[in-house]
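These are the residues of each chain, in order.
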Amino acid sequence: MLRISNTLTRQKEPLNLQKPGVVSLYVCGATVYDDCHIGHARSAIVFDIIRNYLEYKGLRVRYVKNYTDVDDKIIVRAAKEDRSWRAVADEFIGAYDRDMARLGVRRPTVAPKATDHIPEMIQLIETLIKKGVAYVVEGDVYFEVHAFPGYGKLSHRNPDDLMAGARVEVDERKKNPLDFALWKNSKPGEPAWESPWGRGRPGWHIECSAMSMKHLGRTLDLHGGGEDLVFPHHENEVAQSEAFTGENFATCWVHHSFVRMDREKMSKSLGNFFTVDEIFKKSSRFPEAVISEVLRFYLLSTHYRSPIDFSNEGLKAAKAGLDNFYVLFQKIDEFSVDAGDAAEDEALKKYRLDFEAAMDDDFNTARAIGVLQALRATANQFLKEGSDKKALSVAKVLREMGQVLGFFRLASEAWRYQAWESSLERRAGMTDEQTIQSLIKKRQAARRDKNWAKSDEIRNQLAEAGVILEDRPDGTTRVKR
RNA sequence: GGCGGCGUACCCAAGUGGCUAAGGGAGCAGUCUGCAAAACUGUCAUUCAGCGGUUCAAAUCCGCUCGCCGCCUCCA
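Fair warning: this is a prediction, and the values are worked out from it, not measured in the lab.

## Some words on the overall build of chain A
Here is step 1 of the chain: Check the secondary structure of chain A and you find 15 helices and 15 strands.
Here is step 2 of the chain: Summarising its shape, the C-alpha atoms of chain A cover approximately 90 × 55 × 35 Å along the three principal directions.
Here is step 3 of the chain: Counting only residues that meet the buried cut, chain A has 39% of its 481 residues in that class.
Here is step 4 of the chain: For chain A, the proportion of contacts with a sequence separation of at least 24, taken over those separated by at least 6, is 71%.

## Some points on the protein's contact with RNA strand B
Here is step 1 of the chain: Around RNA strand B, the surrounding shell holds 64 residues, and the nearest of these are Gly 39, Gly 226, Gly 321, Gly 370 and Trp 452.
Here is step 2 of the chain: Looking at the surface near RNA strand B element by element, the count peaks at nine residues for helix α10 (residues 312-335).
Here is step 3 of the chain: Partitioned by chemical class, the residues of the surface near RNA strand B number 23 nonpolar, 24 polar and 17 charged.

## Describing the sheet that holds strand β6 (residues 140-143)
Here is step 1 of the chain: Strand order in the open sheet formed by four strands is β5-β6-β7-β8, and the pairing between neighbours is antiparallel. Whereas interior strands pair on both sides, the edge strands pair on one side only; in this sheet they are β5 (134-137) and β8 (200-202). Ignoring which end each strand starts from, the neighbouring axes of this sheet average 20° apart.
Here is step 2 of the chain: Contacting β5, β6, β7 (180-185) and β8, helix α4 (residues 118-130) runs over the sheet at an angle of about 105° to β5.

## Here we look at unusual backbone geometry
Here is step 1 of the chain: Of note, the bond from Phe 231 into Pro 232 is cis; its omega dihedral lies within 30 degrees of zero at 5°.
Here is step 2 of the chain: Tracing the chain through its elements places Pro 232 in helix α7 (residues 230-245).
Here is step 3 of the chain: Of note, the phi angle at Asp 82 is positive, near 55°, even though the residue is not glycine.
Here is step 4 of the chain: Relative to the helices and strands, Asp 82 resides in the loop between α2 (72-80) and α3 (85-102).
Here is step 5 of the chain: Given 6 C-beta atoms within a 10 Å radius, Asp 82 is considered exposed.
Here is step 6 of the chain: Look at Asp 262: it is not a glycine, yet its phi comes out positive at around 50°.
Here is step 7 of the chain: As for its placement among the helices and strands, Asp 262 is situated in the loop between β11 (259-261) and β12 (264-265).
Here is step 8 of the chain: By the C-beta count within 10 Å, which is 9 here, Asp 262 ends up exposed.

## Looking at the domain arrangement of chain A
Accessible area lost during the coming together of the parts is what is often quoted as the interface size.
Here is step 1 of the chain: Its domain assignment divides chain A into domain 1 (3-261), domain 2 (311-417) and domain 3 (427-480).
Here is step 2 of the chain: Here the C-alpha centre of domain 3 lies 57 Å away from the C-alpha centre of domain 1.

## A look at the packing of helix α12 (residues 365-385) against helix α13 (residues 388-404)
Here is step 1 of the chain: Orientation of α12 relative to α13, taken along the N-to-C sense of each, is 165°, at an axis distance of 8 Å. In terms of their interaxial angle, α12 and α13 are classed as roughly antiparallel. As α12 runs across α13, the sense of the crossing is left-handed. Within the contact between the two elements, α12 uses Leu 372, Leu 375, Arg 376, Thr 378, Ala 379, Phe 382 and Leu 383 and α13 uses Asp 388, Lys 390, Ala 391, Val 394, Ala 395, Val 397, Leu 398, Met 401 and Gly 402.
Here is step 2 of the chain: Along the lines of polarity and charge, the residues of the contact of α12 with α13 split into 11 nonpolar, two polar and three charged.

## So, the environment of Glu 247
Here is step 1 of the chain: In this fold, Glu 247 is placed in the loop between α7 and β10 (250-256).
Here is step 2 of the chain: Take Glu 247: there are 10 C-beta atoms within 10 Å of it, and that puts it in the exposed class.
Here is step 3 of the chain: Between the C-alpha atom of Glu 247 and that of Lys 130, which follows or precedes it by 117 residues, the distance is 17 Å.
Here is step 4 of the chain: Setting aside residues up to four positions removed in sequence, Glu 247 forms contacts with Arg 218, Thr 219 and Glu 242.

## Considering the sheet that holds β11
Here is step 1 of the chain: Across the sheet, three strands lie side by side as β12-β11-β13; this open sheet has mixed pairing. Unpaired on one side and paired on the other, β12 and β13 (308-309) mark the two borders of the sheet.
Here is step 2 of the chain: Alignment of β11 against β12, held across two bridges, turns out to be antiparallel. Note that in β12 the partner of Arg 260 across the bridge is Lys 265.

## Remarks on the environment of Leu 229
Here is step 1 of the chain: Structurally, Leu 229 can be placed in the loop between β9 (220-226) and α7.
Here is step 2 of the chain: When the C-alpha atoms of Leu 229 and Leu 375 are compared, they prove to be 38 Å apart, with 146 residues separating the residues in sequence.
Here is step 3 of the chain: Not counting residues within four places of it along the chain, the set of residues in contact with Leu 229 comprises Cys 28 and His 234.

About the cut-offs
- Residues numbered from 1 in each chain as written.
- Chains lettered and ligands numbered in written order.
- Predicted model: local features only at pLDDT ≥ 70, side-chain atom pairs only at ≥ 80, totals over all residues.
- Helix = DSSP H or I, 4+ residues; strand = E, 2+ residues; numbered from the N terminus.
- Buried ≥ 20, exposed ≤ 12 C-beta atoms within 10 Å, placed from the backbone.
- Contact = placed C-beta atoms within 7 Å.
- Near = placed C-beta within 6 Å.
- Nonpolar A, V, L, I, M, F, W, Y, C, P; charged D, E, K, R; others polar.
- Pairing = 2+ DSSP bridges.
- Axes fitted to C-alpha atoms, helices over the stretch in contact; angles between N-to-C directions.
- Domains from an automatic or database assignment.
- Parallel < 35°, antiparallel > 145°, perpendicular 65-115°, else oblique.
- Left-handed = near helix turned anticlockwise from the far one by under 90°.

Next up, the structure:
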């Protein structure tokens, strides 16, 4: 049975659905003011496989992930570049969609924009004021933390302890330093909408409550995001949503850990980040689909709740690990045995159960990858014995389970075996296919004449140009680059 | 100061009370090869940061110590 770590209870719990067979999943999306980095990629990939696995289990998933397209950072960037905040937001929504597509992340069921939900937010805020948990000050509206008794239950904090902290901003107009903005009075030039409290714009937290409730209802089965969102963002969502509905906002909260660089959290403010676009550019010798799978394999080889250190070494290891699978697929494709009967034998069933047990245990992708490796070894064993049919049926299951994690989407011949590190080097010339082919022909002739010196010379020459040759038992030469 | 997490081989990483501590990368050896490459096979932690304790039994539970990280401010 599937069990998921719930931040709210700090325990692994079975999925508890509002409606049997249907999962509502809300994930806080990106603020669109810049290109997304590897950390955003991890988030997207984690929830992508969670969704895939829930579907693999036969559940229907309604997955909503928003764009925060009104925010201080967008306004700041727009001002700096002397263009409209809308133009900035639209540009980076486009960039985000492009990167997600390259990463092989499926589109959410609904991808709402905050700015399309202003009326819903205003309605929410009006009700909160009526209920006495929010108050108006000079065109701003604040949520009164002490008016909601459950405040702190998600992040397991005591509001009074937080008050003792020195880093809470002081704003004399607030009743309490922890009170947070639901609505902000807009300054000239800032995005602004008419409201009962004057022209203004929404605070950050209210948008997620408005969008999730509109698209998924008053109680979510799963709500996710990065662990840095637990406080204050998600805590505030709980407060305002539950104060509004009087019902539980989300049954289960799923938070993933960070990507780090040199043992520190990768973040915009520290400047220690790689954007997704950069990774694709740096590795551009590979087809995008290859880069995408390597990155995904790397990120999923660590459990989602543990931090992961981003490194070129890690990517290299991921590429090598994935190569092994594609080699198997290629061999299987070359043997071209017919599919045969689809019945899974006992051994295969056991692997499937192992895979499901791993994924059922709080989406343990690292363990699941281990099961895939075991399947690969089994298929190779069958090939060695000459049981091509058996190998094929194992590979079929392997592909199916791998695809839950988003692996093995390429045709085997489309995979590139070239070492990952070489992708970061610049190589001169010899991209001319004709030159390469004629050199290969010359070398084959030399080999027939047993002129090994000449053969090796050509091989070295091609190697320097990034063309790796493999002589195969049947006399042909395979080219890898 | 408050809350939480982590420390498993050369590197990455599963495992949270009981079969020989998964798996991958790197290394090494064998098979194969003209030599290579690739692949396959084998090998690689009597031990889980350290010290104490609980238990018939601990990497796993408890205590202390050391080291690292995150949140408490926008952040995936």
